[in-house]
Amino acid sequence: MSKVNTVLGPVAPEELGVVAVHEHVGYGMPGSELDTRWWKTPEERYAETVPKLRRFHEYGGGTFVDVTGICNGRDVDYYKSLSAKTGVHIVACTGFVGGDTALPFFERAGVDYLTRQFVHEITVGIGGTGSRAGVIKVGVSRGGRMTDLDLRIYRAAARAAVSTGVPILTHLAIDAEPAVAVFEEEGLPLHRVLFGHADDGLNAPNTPDTWLAGRGGRIGFDTFGYETELEDPPFWARPRRERLAHLLGFLGKGFLDQALVSADANCSPLGWPGVKGHTVNYLFEELIPDLRDAGLDEATITRLLVHNPADFLTIQN
Ligand SMILES: [Zn+2]
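What counts, and where the lines are drawn
Residues numbered from 1 in each chain as written. Predicted model: local features only at pLDDT ≥ 70, side-chain atom pairs only at ≥ 80, totals over all residues. Core = buried A, V, L, I, M, F, W, Y, C linked by C-beta atoms within 7 Å. Buried ≥ 20, exposed ≤ 12 C-beta atoms within 10 Å, placed from the backbone. Helix = DSSP H or I, 4+ residues; strand = E, 2+ residues; numbered from the N terminus. Contact = placed C-beta atoms within 7 Å. Pairing = 2+ DSSP bridges. Axes fitted to C-alpha atoms, helices over the stretch in contact; angles between N-to-C directions. UniProt positions renumbered as here; feature names shortened; annotations may be inferred.

## Considering the nonpolar core
Move 1: Membership of the largest hydrophobic core comes to 89 residues, with the highest contact counts inside it found for Ala92, Val135, Ile136, Ala157, Ala259 and Leu283.
Move 2: With seven residues, helix α5 (residues 148-164) is the single largest residue contributor to this core.
Move 3: The contact partners of alanine 259, leaving out residues within four places of it in the chain, are Ile219, Phe221, Leu247, Phe250, Leu251, Leu304 and Asn308.

Have a look at this one:
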């Protein structure tokens, strides 16, 4: 039977509904949980997060993919309670946002060790939660070039993806050639990889989206809502029209089946204030209306938000 791992157990792909494929329940840098300035009580975290997930569900959202890696505030028992209380399927990840957010313990680990860690979290569970990871996160460290540790993480992720059938999602798709080389050397077809943040204002100019898509890769337009029009925009913001035009241009090149969209929002940021005025519900409140205004029909919108992510997340046996 086809299935996707969620924190509450396996789900059939056709039950996922509308998927937000790159999001965060709470994301922070390693150690932020120790900073008293930013420490949040469980009540505060629930109060910030539950209304956003409830609204997501009311809008017709089915599945929230949390790609907060190991060391960045991932908290699977918490996700389980959020999912049970809101009715939103939550997919958790194994892997790391980037080599530069891996704590020293993992920084020294070899490819075999990292592979075993990822496979364990996918096939046995994350810690003692019993929840299996549904996707593997990897990424490019700050500086914009793949480090040795990034490459070890990519190779371990590729091996874990080949052996378990779970897909890989990347933070950034700059410096893409070494990443593609690793995936090809490990025998992982690129349609099992979602190359993320192709649309952010800082990295879009350096992201070879059509080159990756031409080789079969999936492309994440997944920072929707981080707009220069916001009151206090982040450094990766981009003008709203420019981002939309980028997506539409990509679709126009015949890559509809390889495009995925998301908002990369934080329900309850850890160790930083987050970006005011931005939530996962941008997808329903702004993006879908914009896509309709641009002339996309409902079948195309459903492909982007329902079929493509289901196809990506389904475990390949
Ligand atoms: Zn993210």
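## Digging into the sheet that holds strand β5 (residues 89-91)
Move 1: Ordered in space as β3-β4-β5, the three strands form an open sheet in which the pairing is parallel. This sheet does not close on itself; its edge strands, each paired only once, are β3 (18-23) and β5. Within the sheet, the average angular offset between the axes of one strand and its neighbour, ignoring direction, is 20 degrees.
Move 2: Sheet analysis places β3 next to strand β4 (residues 61-66), joined by four bridges and oriented parallel. Each bridged residue has a counterpart across the sheet, and for valine 19 the counterpart in β4 is threonine 63.

## Structural notes on the UniProt feature "modified residue: N6-carboxylysine" (unreviewed entry) in the protein
Move 1: The UniProt record annotates "modified residue: N6-carboxylysine" (unreviewed entry) at Lys137.
Move 2: Of note, lysine 137 is situated in strand β7 (residues 135-139).
Move 3: Once residues lying within four places of it in the same chain are set aside, the contact partners of lysine 137 are Val67, Gly69, Cys93, Gly95, Phe96, Val97, Leu169 and His171.

## As for unusual backbone geometry
Move 1: Within the chain, aspartate 175 stands out as a residue other than glycine whose phi angle is a positive 45 degrees.
Move 2: With respect to the secondary-structure elements, aspartate 175 resides in the loop between β8 (168-171) and α6 (176-185).
Move 3: Taking the number of C-beta atoms within 10 Å as the measure of exposure, aspartate 175 has 18 and is therefore partly exposed.
Move 4: Phi angles above zero are rare outside glycine, and aspartate 264 is one such case at about 55 degrees.
Move 5: Looking at where aspartate 264 falls in the secondary structure, it is placed in the loop between β11 (259-261) and α9 (282-293).
Move 6: Judged by the 27 C-beta atoms lying within 10 Å of it, aspartate 264 falls in the buried class.

## Remarks on the sheet that holds β7
Move 1: Taking strand neighbours across the sheet as the criterion, the six strands line up as β6-β7-β8-β9-β10-β11 in an open arrangement whose pairing is parallel. Looking at the sheet topology across the chains shown, the edges are occupied by β6 (93-95) and β11. Neighbour-to-neighbour, the strand axes of the sheet open up by a mean angle of 30 degrees, direction not taken into account.
Move 2: The sheet contact formed by β6 and β7 spans three bridges and is parallel. Bridging from a neighbouring strand, cysteine 93 pairs with valine 135 of β7.
Move 3: Sitting on the sheet, α5 is in contact with β6, β7 and β8, with an inclination near 160 degrees to β7.

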